[in-house]
Amino acid sequence: MAAKRGTKTSMKNMEKELLCPVCQEMYKQPLVLPCTHNVCQACAREVLGQQGYVGHGGDPSSEPTSPASTPSTRSPRLSRRTLPKPDRLDRLLKSGFGTYPGRKRGALHPQVIMFPCPACQGDVELGERGLAGLFRNLTLERVVERYRQSVSVGGAILCQLCKPPPLEATKGCTECRATFCNECFKLFHPWGTQKAQHEPTLPTLSFRPKGLMCPDHKEEVTHYCKTCQRLVCQLCRVRRTHSGHKITPVLSAYQALKDKLTKSLTYILGNQDTVQTQICELEETVRHTEVSGQQAKEEVSQLVRGLGAVLEEKRASLLQAIEECQQERLARLSAQIQEHRSLLDGSGLVGYAQEVLKETDQPCFVQAAKQLHNRIARATEALQMFRPAASSSFRHCQLDVGREMKLLTELNFLRVPEAPVIDTQRTFAYDQIFLCWRLPPHSPPAWHYTIEFRRTDVPAQPGPTRWQRREEVRGTSALLENPDTGSVYVLRVRGCNKAGYGEYSEDVHLHTPPAPVLHFFLDGRWGTSRERLAISKDQRAVRSVPGLPLLLAAERLLTGCHLSVDVVLGDVAVTQGRSYWACAVDPASYLVKVGVGLESKLQESFQGAPDVISPRYDPDSGHDSGAEDATVEASPPFAFLTIGMGKILLGAGASSNAGLTGRDGPAASCTVPLPPRLGICLDYERGRVSFLDAVSFRGLLECPLDCSGPVCPAFCFIGGGAVQLQEPVGTKPERKVTIGGFAKLD
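Okay, so let's go over this structure. Within any chain, residue numbers begin from 1 and follow the written order of that chain's sequence. Per-residue local features of the predicted model are confined to residues with pLDDT of at least 70, and side-chain atom pairs are confined, for both listing and counting, to 80 or more; whole-chain, interface and lining totals are unaffected and use all residues. Remark: hydrogens and water are excluded; side-chain values derive from all non-hydrogen atoms of the structure.

### Here's the deal with the packing of helix 10 (residues 348-357) against helix 11 (residues 362-384)
Part 1 of the reasoning: Between N-to-C directions, angles span 0 to 180 degrees; the directions come from axes that are lines fitted to C-alpha atoms, helices contributing only their stretch in contact. Where helices and strands are cited, they refer to DSSP runs of H or I of at least four residues and of E of at least two residues respectively, numbered from the N terminus. Contact geometry of helix 10 with helix 11 gives a least axis separation of 11 Å together with a crossing angle of 150°. Looking at the two axes, helix 10 sits roughly antiparallel to helix 11. Considering how the two elements wind past one another, helix 10 and helix 11 form a crossing that is left-handed. Here helix 10 contributes Leu349, Tyr352, Ala353, Val356 and Leu357 to the contact with helix 11, which in turn contributes Phe365, Ala369, Leu372, Arg375, Ile376 and Ala379. Between 65 and 115 degrees an angle is taken as roughly perpendicular, under 35 as roughly parallel, over 145 as roughly antiparallel, and anywhere else as oblique. Definitions for this section: a left-handed crossing has its near helix turned counterclockwise from the far helix by less than a right angle. A right-handed crossing has that turn clockwise. In this description, contact between two residues means that some pair of their heavy atoms is separated by no more than 4.5 Å.

### What to know about the pattern of salt bridges
Part 1 of the reasoning: The rule for a salt bridge is simple: a side-chain nitrogen of Lys or Arg has to be within 4 Å of a carboxyl oxygen of Asp or Glu. This structure, assessed with the given rule, holds 13 salt bridges.
Part 2 of the reasoning: Between Arg686 and Glu702 there is a salt bridge, and its shortest N-O distance comes to 3.9 Å. Residue Arg686 is found in the loop between strand 31 (678-683) and strand 32 (688-693), and its partner Glu702 is found in strand 33 (residues 699-704); the two are separated by 16 residues along the sequence.
Part 3 of the reasoning: Among the charged side chains, a salt-bridge network with shared partners connects Arg578, Asp683, Arg686, Arg688 and Glu702.

### As for the nonpolar core
One recurring pattern in soluble globular proteins is that nonpolar side chains are buried together.
Part 1 of the reasoning: Note on terminology: a nonpolar core comprises buried Ala, Val, Leu, Ile, Met, Phe, Trp, Tyr and Cys residues joined through side-chain atoms within 4.5 Å. For every residue, the accessible area obtained with a 1.4 Å probe (protein chains only) is divided by the maximum for its type, and the residue is called buried under 20%, exposed over 50%, and partly exposed between those limits. Core analysis: the biggest nonpolar cluster contains 50 residues, and Tyr580, Ile648, Leu678, Val689 and Phe715 have the highest contact counts within it.
Part 2 of the reasoning: Tallying contributions element by element places strand 26 (residues 578-585) first for this core, with five residues.

### Points about helix 9 (residues 272-341)
Part 1 of the reasoning: If you check helix 9, its first and last C-alpha atoms are 101 Å apart, about what 70 residues at 1.5 Å a residue would give, namely 104 Å.
Part 2 of the reasoning: Along helix 9, the residues classified as buried are Cys325, Arg329 and Gln336. A helix is expected to span 1.5 Å multiplied by its residue count minus one.

### Regarding the pairing of strand 4 (residues 123-127)
Part 1 of the reasoning: Side-chain alternation along strand 4 places Val124 and Leu126 on a buried face and Asp123, Glu125 and Gly127 on a face that remains uncovered.
Part 2 of the reasoning: We treat two strands as partners when DSSP finds at least two bridges between them. What sits between the antiparallel neighbours strand 3 (residues 113-116) and strand 4 is a turn of six residues, in which Gln121 has the positive phi angle 60°.

### Details of the sheet that holds strand 33
Part 1 of the reasoning: The seven strands are arranged 22-23-35-26-31-32-33 in an open sheet whose pairing can be described as antiparallel. Sheet topology places strand 22 (533-535) and strand 33 at the edges, where each strand pairs with a single neighbour. On average, adjacent strands in this sheet sit at an angle of 20° to one another, irrespective of strand direction.
Part 2 of the reasoning: The pairing of strand 31 with strand 32 spans six bridges and is classified as antiparallel. Across the sheet, the residue bridging to Ile680 is Phe691, located in strand 32.

### Observations concerning the sheet that holds strand 11 (residues 247-249)
Part 1 of the reasoning: Spatial strand order, 10-9-11: three strands in an open sheet with antiparallel pairing. The open sheet has two edge strands, strand 10 (230-232) and strand 11, and neither has a second partner. Direction aside, neighbouring strands of the sheet carry axes that sit 35° apart on average.
Part 2 of the reasoning: As paired strands, strand 9 (residues 223-225) and strand 10 are joined by three bridges and run antiparallel to one another. Pairing of Cys225 across the sheet is with Arg230, part of strand 10.
Part 3 of the reasoning: Set on the sheet, helix 8 (residues 250-270) makes contact with strand 9, strand 10 and strand 11; between it and strand 11 the angle comes to about 85°.

### Brief notes about the environment of Leu518
Part 1 of the reasoning: Following the sequence through the fold, Leu518 ends up in the loop between strand 20 (508-511) and strand 21 (522-523).
Part 2 of the reasoning: Since its relative accessible area comes to 3%, Leu518 is described here as buried.
Part 3 of the reasoning: As a C-alpha pair, Leu518 and Pro728 span 210 residues in sequence and 9.5 Å in three-dimensional space.

### A closer look at unusual backbone geometry
Part 1 of the reasoning: Positive phi values are uncommon outside glycine, yet Gln121 reaches one of about 60°.
Part 2 of the reasoning: Not every positive phi belongs to a glycine, and Gln539 is a case in point at roughly 60°.
Part 3 of the reasoning: One can find Gln539 in the loop between strand 22 and strand 23 (541-544).

Take a look at the structure:
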């Protein structure tokens, strides 16, 4: 009894899965839409009719008609429909509706039928055949029928062939697609006829075909197209529509889907405690949502009441000011009226003056008339230059509330900041990582930011991806100190304000230098000409200015003139380990060589002014004694990369002259565009130098180098040119002379 009660409870909880999203009743002959949702066939026809599609609601099952579906047994509403005449059908076919022999399907533009799915709220395409091209969900029909039988939904099933009132049905016939009482079953299945061979079934309201039939060819489906995710029959399989598709037998698809569904269901059933825990968490979230929503309402109401109180206080203050101004004006105007009334004949000042004029005693008259004359003069002046003592206008009391009204109209909830945009032009990795970003134009402001970063070239650990985080970063830029060399970092940023955290920015990948960054300054004490080389005050940039001597030398170039090479060295010499530095070369430079060399050889070779026209001279070879013809190959003391006119020369001639041999031998002559920054990586122990694109860290050239002594950076100029060393991201370092077992400070 308990098991039966549990089954009924589970079936009752399943009822919402068996309701049609259109009629909100249990499915009746459900159809499977291309979006995998289900809808009753009658509801689908009604929806298509409301959309203006007429004649596209064909029956996908196309079973034979039954006694219950004949015109004599249909409902009064259906019985009033008249069947089209054969001649009218022929005219419709010839006018382009449907298909007929001689008309190629799709020759005209077929009507694309769109069905608004009530479940996913999206428009799905049904194709040219409409509902006739959809499959019936027979499995869902069986589940609905079992559910009806288990919970006794709808009461007893009545006979469809009885005269009113119908009796309770006792049998059903799949062939006739109707339910019968005992008498009606015998009546419609008489002995000696073919119908007598129909096998009776239990009464039901849903009759299904024996098998799932192809809606296009009315044949039983035998295969499943993985590409189209659709069941197909033998004829569909050989059609051009499915050519090249992955088609598998139904048995294989059945077994695969059943295994997946069983595995997923087993996982869910095996984690019922987790499901219950999550339900409790969601219920707790619902309670918190209700409490938080009520608190938010109270806060908004309190804030609005506060605004109202401020407005009321301001209103009272403004009205009081207007009242005081009004009383002051009225008092002044009343006094002016009294003065003018005294000027009337026989009253006030005029009457008093008339009486004074009657005085005959001259001394007494003079004594009294002196003061009176002043008053009469002022009254006469006021009468001649009449002007009200106060204005009746209150225009100065008008309020301009346009800005305040706009603010109140735009008053809205505070939004979280939008996803920041990382400035890839200013973000780079050198000795440290400099990250720069900005908020979109219409984004709410952010109080602070959170930066997350991690390495992508480390083995993945089990579990969620772990990010390193830096909280409460002020401003729109930050430094990430001590990054690992030769690594790839991924970074992202998000903003935060009172409303909470916003979305993360898009991930940005940065390559760190392959070796520790070498900090040095330019030293112009060796082999340079003060007239042609200009070193900046911070000693991190140098410019070659040839001037008039080079112009005159160019005119006499064919007469044996000597051109000197201007050289500037770094003030740091490397004696061990790996080092990396970067620089930017002006694309307009005529000829610049960037590289490294033995400090002793550089000072020896460039102390004087060599002849660059001589074929025996090459600054890349380290000497001009003819050692190039020696049979024993030794690592050259110099390694330079030649740049000129915005190009980098990577050719066989340059490689042979400088001893620059790549991994695969000398390269063919070619030039590559000059990147914004060049990187030089020196491996002292291996005696190798690599030239890189400092932006993408793409290798340009790798060559050997004699590292038998201290090696320092070097820059050569022939003609005009400029070089700028990469600025360190962090604080300005101390100037060091050597890097090795000890460090000597200036």
